[in-house]
Amino acid sequence: MTVSNHAMPARFLHLITADPVPDADLLSRFIRSRDGAAFAALVERHGPMVLRVCRRTLWDAHAAEDAFQATFLALIRGAHRVRETASVAAWLYGAAVRISLKARGAATRAQRTPDPLPTRCSPDPLAEMTGRELVSAIDEELARLPDRCRAAIILCGLEGLSQDEAARRLGWSVAAVRGQLERGRERLRVRLAQRGLTLSVGLGSLFFGAAHAVVPPRLSARAVELATRGTVPPSVAALAAGMAPFHTTWSAVAVALVVLAVGGMTALGYGNRTPQTSSPQPPEAATAFARPIDPLGDSRPEGLISPLAAAPPAKTDRYGDPLPAGALMRLGTLRGAATITSFGVAADGSVLTVGSEGDLCLWHPGSDAPEPAVRLPVKVPEEWYGIVQSCASPDAKRVACSVPESVIVYERRGEKPPVEIGRFKFPRVESLAFTPNGMGLVVVTRGDKWSVHLSDIKAGTSHVLGSGLNHVAGVEFSADGRRVAVNTWDELLVFDVGTGKELARWSVDGFKLATVALNTAGDTVAVRVYRPETEEYLDVRFFETKTGKVQPGAVSTDGGAWVTFAPDGKTVLIGDTRGVRWWDPIAGKVLRRFDGAAGDLSYGTTPAARFTPDGKVLVATTGRFLFRWDARTGEPLFPEVHAGAHFGRVAALGVSADGTRYATGTSSRIRVWDAKSGKPIATVPSTYLWPHNLEFAPDGKTLFAPGGGDVVQWDAATGKELRRFAVDPKEPRPTVTIGVRLTEDGKVLTGVTLARVNGTLTPVHTTWDAGNGRRQFTKRLNPFEWSARHYRINFSPNALHASLHGDVFLTADGPTKGLLPPRTLGPGFDAGAFSSDGGRIAFTYIEDGDPQGVMRGVVYGVATGVKLCDLPAGSGGRVALNSDGTVLAAAGLTDLTMWDTNTGELLARYRSPPAQKGIAVCSFAEVMRFTTDGTMLITGHADTTALVWPVPPRPAK
C-alpha cells in the first residue's frame, strides 16, 4: 500500500517503517490498551485489500469509502472476539464483503435515481465475469480449508506479499507459510479438478495485478481516527451495525475472487519474489483553478473563465485533516485549535470549551481534537455580529450566555443542545462568571455605572453585590466559593457570597490592579500591578485580603497576562506568551514550567488555566488553542501537535528569496517551515508582533523579526539568537516595533519603534548595518504626522517609501507629503501592500452601497500616485501584490480571489475557510504574502494556521 506518511500521525509511523510486527501482536496490543499506533499499522497493511473488495462490490466511490471505514469500525468493535488473531486479513476480507453487500442492498431498496454524473470506481474485470458453477465449487472447497491455509492464501495471493513477508506478518516460519500454500493450493486444485474445473495462469495474474489498490491518504487517516478520536459518521456507523463480532465465513462471490488467483504460481507466493512497490502516483495538480464567479454572485462572462474548470483533488495536511479546496499545504495544525472564551473541566478530565459564537466543544482526555461543536440555541441581534457572550461552569456541567435583556443558563445532560434551566433579566451584560460549585452566577452589567449581581440558579433569584462602580475589570472567587473579589482597576472589593456583605475595600498606592486572584480560603490576594506613571505592567504581588497589606514572607515574581491560585491555595499559576509558570511565593522559586503560551480570556469568566480534578493534568488556553500538560512533568500530552502548532492568530509572514523556507508569526512565537514538506524547522519567541512582515536574509539562513522594542536576527535553522538591534539609548525605551524592513541586498535594516514621551506614543526611526548591528541613523518622528495609533508601518523593499493609513510617501519626507490625493480613498484603509519591486501599492476600501463586509481593491503607482486599477466589489478585505504588481490577491469574508491588475480580469476564486465573527472583521485572513517567484500565495489565519495556495498564470496577451 502506498500511503503518504502525512496521512498518519508521526507517533504511528514507527510501526510501519520498522521490522513488521505480527498481526496477532498488533491486534492484541489494540485490544489490551486501545493502542492507536497498532491499529494504524493494521490499516496500513490491509487497507488496499479491503478497499478493493469494497470497490468491486460497490462501483460508487463514495459508498465504497463508507464501506471501507465501516469494515475497520467493525474490527474496532469486535477485535476481542476475532478467533484467530493471526488471520486478521481473512477476518477483514469477510467483513468487507458482508458490509459491501449490505450497502449495495440498501442502495437497491432505496431505488433512488442515480446522480447525473456519479463518481465511479474503475471497472474490475473480475467483477464482470460470470460462472455460477465455478463460484459454487470454490465456495464449497475453500470453506473446507483450514484457517491457516486460508490465511496464507489471502496474504500471498490477495495482498501480494512474499513468503518472507507473510511469515513475519503471521508470526510463522517461512517454511510454515510455504507448506500451508502448497497444501492449500494442491487441495483446491485436486478438488476442483474432480469437478471438471480448471483455472488459468492468466486469471491469477490478472487478479494479483489488480490487488494493489492505493488507499487515498485522507481515507486511511479517517479509518485510523475511528480508533483514536471516536467520531463516527452516521453512514459508516449504520453499515457497521450488527457486523461485529462474527467469525469469517465466505460468500460465493468473495471466495471466487480469492481463489481465482491460485492458477498462477506468483499469485500464491510461489517463489520468494522481491516485494513490489506501487509505481509513483502522478502528483496532484497544483495549478487547477475553479471557475471564477462574480464577487456579488453573478456569473462572469465566458471570456473570464480560468485556465482549468475542474476543481483540484481534495488534499489533507500533515495530520490527515482536510485542506480547503484548492489549497496546497497547511502550516501548523487545526488539532488543539479553537476559539475559546471560557472552559470547564469535568470529573473525568474532559474539557468543555465555549466559543465566541456560542459553540460548545467537548475534548476527551485522550483526543487532540474535540467532538463536533454544538451551538447554543440562541439568536442575537445583527449588531452583535454573531458574538454570543457566554461562559462555562468550572465543572463543565453548565453554560451561561447573554441575549438582549437576559441571561440564560443551560445544563448539559447528554442532550444536544443542552437544556435551559434558568433565565434572568439583566440589561447590557458585560461579563459572566460561575461560582466554583456552578450553582451561582455573577453577572456584571453596565449602564451609566457598572454593577455586579449574584444569581442563585436553582432559586431563580438575584441580588446586587456592588453598584455605582466606574469600571469592573474582573471577578474572582475563592476556591471554597465563600468569597468573591471584584476588581475595579483602581481598588479591590471583597464580598461574602452567602450574605452579600462587603468585607473589604482597598487600593495599592501608586498602582492599578491589572489582574487579581483569591486563594482557596479567600484570605490572600495575588495581584499583578500596573504603574500609571511609567505605563508599565510590573510583577505579581501578594496581599492580605482584609487589610490590603503586603503578605509577610511572600516573594513577588515578574508578571504575566494573568494569575490564578493552584488547588493547594499557596502556590500560583502565572501565564503569558512564554507559557505557564507554577510559582511558590513562600519559597520564592518556580516549581515547574509549562511550555506554550497563555493569553487573557474575556474578563469575568473562568480562569485561563486550571487543573483536572485529579490534579494530573493542567489545562490552559490562549483563547485560540487548548493546552493540556502533564502536571507532574510539565510535558504536553500531545507532543506532535504541540511541536507543530501555533498558539495564536498568524499575523506575520516571511518567505525566503529562493522559496525554500516560510516564516509565520504570532504574538508568542515565530516558526520557520520547510516549504516543500510543511514541517517546522525552528521556533523563536515573539512579543507584540505588529508588522505583517518577517524578513529573511538574501541567503535564507537568518531571519529578522521584531522582538519587543528591538529587532532581532535569528538563525533560521536552529532558532538561536544571533544579534539584537537596539535603538539609541538616549531615546526613550521603546516597547514595541511597528515597522521593519531589510533591503534586498541584506545590508541595511530599517525599523520604527514606539516609546512613550511625556505620555504620548512617539515613533523613532532607526537604520542599522545588518552585518554588524551598528546604528546608522536615528530620528524621532512626529507622533501626530506618523499616526502612531495605527501601530503598523509598511515599507517598500528598500525602505524608500512607507505607507500608513491609506497613503504612501517617501520615508524621508514623512506622511505630510503623501503621494495620494487627500480624502480620495474612503473609509476602511489600512497600510498599503507594496509589490516586491516597489513599483505598485494596493489598498482595500469600503464603497458606499456595497453589501456589509464586502470591500474593494485599488492599485496605485508608488512613484506617481496615479491610480492604475480600481477593482469591483469583492476584491478587497486583505490584499497583497505579486513581485511586479500585476496580480492582486484579495481575501474577503468568504472567498480568496486573484486579479490581473493590468486588465481587471478575475484569474481565480477559492472558497475560503470560515472567517471569525466580529464588528471589525472584513477578511478570513489576517495577513497574505506572495512567494518571490509569484507562483504561491500564503495566507495567515485567526485559527492559528497558514495556508499555501497556487497562483494562476496571467493569460498570454
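Residues numbered from 1 in each chain as written. Predicted model: local features only at pLDDT ≥ 70, side-chain atom pairs only at ≥ 80, totals over all residues. Heavy atoms only, no water.

Participant: Account for the overall build of the protein chain, with residues named and values stated.
Facilitator: Within the protein chain, the secondary structure is distributed over 14 helices and 53 strands. The 957 residues of the protein chain split such that 56% are buried. Within the protein chain, residue pairs in contact and separated by at least 24 positions form 52% of the contacts whose partners lie at least 6 positions apart. For the protein chain, the accessible surface area stands at approximately 40,100 Å², while carbon and sulfur atoms represent 51% of it. (Helix = DSSP H or I, 4+ residues; strand = E, 2+ residues; numbered from the N terminus. Buried < 20%, exposed > 50% of the residue type's maximum accessible area, 1.4 Å probe, protein only. Contact = heavy atoms within 4.5 Å. Areas by Shrake-Rupley, 256 points an atom, 1.4 Å probe, with all protein chains shown as cover.)

Participant: Describe in detail the pairing of strand β11 (residues 440–446), supporting the description with residues and values.
Facilitator: With six of seven residues buried, β11 lies mostly within the body of the structure. Sheet topology note: the strand β10 (residues 429–434)/β11 ladder contains five bridges and is antiparallel. Across the sheet, residue S431 finds its bridge partner in β11, namely V444. The antiparallel hairpin formed by β10 and β11 contains five residues in its connecting segment, where G438 sits at a positive phi of about 75°. Two elements, β11 and strand β12 (residues 450–456), share seven bridges in a ladder whose sense is antiparallel. Its bridge partner being in β12, V444 is matched across the sheet by V452. The turn joining β11 and β12, which pair antiparallel and follow one another in sequence, is formed by three residues. (Pairing = 2+ DSSP bridges.)

Participant: Requested: an account of the nonpolar core, with residues and values cited.
Facilitator: If you look at the biggest cluster of nonpolar residues, it comprises 59 residues, and the most contacted ones within it are V50, F68, F72, L75 and L92. In this structure, F68 is in contact with G47, V50, L51, C54, V215, L219 and A223, ignoring residues within four places of it in sequence. Counting 22 residues, the second-largest nonpolar core is a separate cluster that includes A566, W582, W629 and A631. (Core = buried A, V, L, I, M, F, W, Y, C linked by side-chain atoms within 4.5 Å.)

Participant: Which residues make up the side chain of N794, and what values do they have?
Facilitator: Tracing the backbone through its elements, the reader meets N794 in strand β40 (residues 794–795). Of the residues examined, N794 reaches a relative accessible area of 14% and is grouped as buried. Polar contacts involving the side chain of N794 include one to the main-chain carbonyl oxygen of G832, which spans 2.7 Å. (Polar contact = N/O pair within 3.5 Å; in protein donor to acceptor, adjacent residues only side chain to side chain.)

Participant: Lay out the pattern of salt bridges in plain terms, naming residues and giving numbers.
Facilitator: Taken as a whole, this structure holds 30 salt bridges when the rule is applied. For the salt bridge of E430 with R428, the shortest nitrogen-to-oxygen distance reads 3.7 Å. Under the relative-accessibility criterion, E430 is labelled buried at 14%. R581 serves as the salt-bridge partner of D576, at 3.8 Å between the closest nitrogen and oxygen. Neither residue differs from the other here; D576 and R581 are each classed as buried. If you follow the salt bridges from partner to partner, you end up with D558, D576, R578 and R581 in one network. (Salt bridge = Lys/Arg side-chain N within 4 Å of Asp/Glu carboxyl O.)

Participant: Just give me the short version of the confidence of the model for the protein chain, but keep the residues and values in it.
Facilitator: As a general rule, the predicted coordinates of low-pLDDT regions are not to be interpreted in detail. When pLDDT is averaged across the protein chain, the result is 79; 79% of the residues are at 70 or more. A low-confidence stretch, residues 244–313 (pLDDT under 50), is modelled with 160 contacts involving residues beyond four sequence positions or located in other chains. (pLDDT = per-residue confidence, 0-100.)

Participant: Quick rundown of the environment of A842? Include the residues and the values.
Facilitator: Here A842 shows up in strand β44 (residues 840–845). Using a relative accessible area of 0% as the deciding quantity, one classes A842 as buried. In sequence terms A842 and T901 are 59 residues apart; their C-alpha atoms lie 10.0 Å from each other. Those residues in contact with A842 that sit more than four places away from it in its chain are G832, A833, V858, V859, V879, L881 and L888.

Participant: Break down the packing of helix α2 (residues 23–33) against helix α3 (residues 36–57) for me, with residues and values.
Facilitator: Between α2 and α3, the least distance of the axes is 8 Å, while the angle of their chain directions is 140°. Accordingly, the angle class assigned to the pair α2 and α3 is oblique. The handedness of the crossing between α2 and α3 is left-handed. Touching D23, L26, L27, R29 and F30 of α2 are A38, F39, A41, L42, R45 and H46, all from α3. For the contact of α2 with α3, the per-class residue count stands at seven nonpolar, one polar and three charged. (Axes fitted to C-alpha atoms, helices over the stretch in contact; angles between N-to-C directions. Parallel < 35°, antiparallel > 145°, perpendicular 65-115°, else oblique. Left-handed = near helix turned anticlockwise from the far one by under 90°. Nonpolar A, V, L, I, M, F, W, Y, C, P; charged D, E, K, R; others polar.)

Participant: Explain the environment of K616 residue by residue, including any values.
Facilitator: Note that K616 resides in the loop between β25 (609–611) and β26 (617–621). K616 gets classed as exposed once you look at its relative accessible area, which sits at 57%. Separated by 13 residues in the primary sequence, K616 and W629 place their C-alpha atoms 8.6 Å from one another. Not counting the four nearest positions on each side in its chain, K616 is found in contact with W629, D630 and A631.

Participant: Tell me about the sheet that holds strand β13 (residues 461–469), and name the residues and values.
Facilitator: Reading across from one edge, β10-β11-β12-β13 is the order of the four strands in this open sheet, with antiparallel pairing throughout. Lying at the two open borders of the sheet, with one neighbouring strand each, are β10 and β13. Averaged over all adjacent pairs, the angle separating strand axes in this sheet is 20°, with direction ignored.

Participant: I'd like a rundown of the state of the cysteines, residues and numbers included.
Facilitator: The final tally for this structure, using the stated rule, is zero disulfides. Note on C391: no disulfide assigned, nearest cysteine sulfur contributed by C401 at a separation of 9.3 Å. (Disulfide = S-S within 2.5 Å.)

Participant: Which residues make up the packing of aromatic side chains, and what values go with them?
Facilitator: Enumeration over the complete set of coordinates arrives at 17 aromatic pairs. Centre to centre, the rings of F627 and F647 are 4.7 Å apart; their planes meet at 65°, and the pair counts as edge-to-face. Taken together, the residues F627 in strand β27 (residues 626–630) and F647 in the loop between α14 (639–644) and β28 (652–655) connect sequence positions 20 residues apart. We note that F627, like F647, is buried. Pairwise contacts between aromatic rings join F594, F625, F627, W629 and F647 into one cluster. Sitting over the face of the ring of F647, R671 holds its NZ or CZ atom 5.9 Å from the ring centroid. (Phe/Tyr/Trp six-rings, centres within 6.5 Å; stacked < 30°, edge-to-face > 60°. Lys NZ or Arg CZ within 6 Å of the ring centre and 35° of its normal.)

Participant: Could you give me a rundown of unusual backbone geometry, with the residues and numbers involved?
Facilitator: Its identity as a non-glycine residue notwithstanding, A396 has a phi of 70°, on the positive side. Considering the arrangement of structural elements, one finds A396 in the loop between β6 (390–392) and β7 (398–403). A positive phi is found at E405, a non-glycine position, where the angle reads about 70°. Take E405: it is sitting in the loop between β7 and β8 (406–411).

Participant: Can you lay out the sheet that holds strand β29 (residues 661–665) for me, pointing to particular residues and giving the numbers?
Facilitator: By definition, the strands of a sheet pair up through backbone hydrogen bonds, in either a parallel or an antiparallel sense. A sheet is described by the order of its strands in space; here four strands give the open sequence β28-β29-β30-β31, paired in antiparallel fashion. Pairing within the sheet leaves two strands with one partner each, and these edge strands are β28 and β31 (680–685). Strand after strand, the sheet turns through a mean of 15° between neighbouring axes, direction not considered. Pairing of β29 with strand β30 (residues 669–674), which is carried by five bridges, proceeds in the antiparallel orientation. Directly across from A663, in β30, lies its bridge partner V672.

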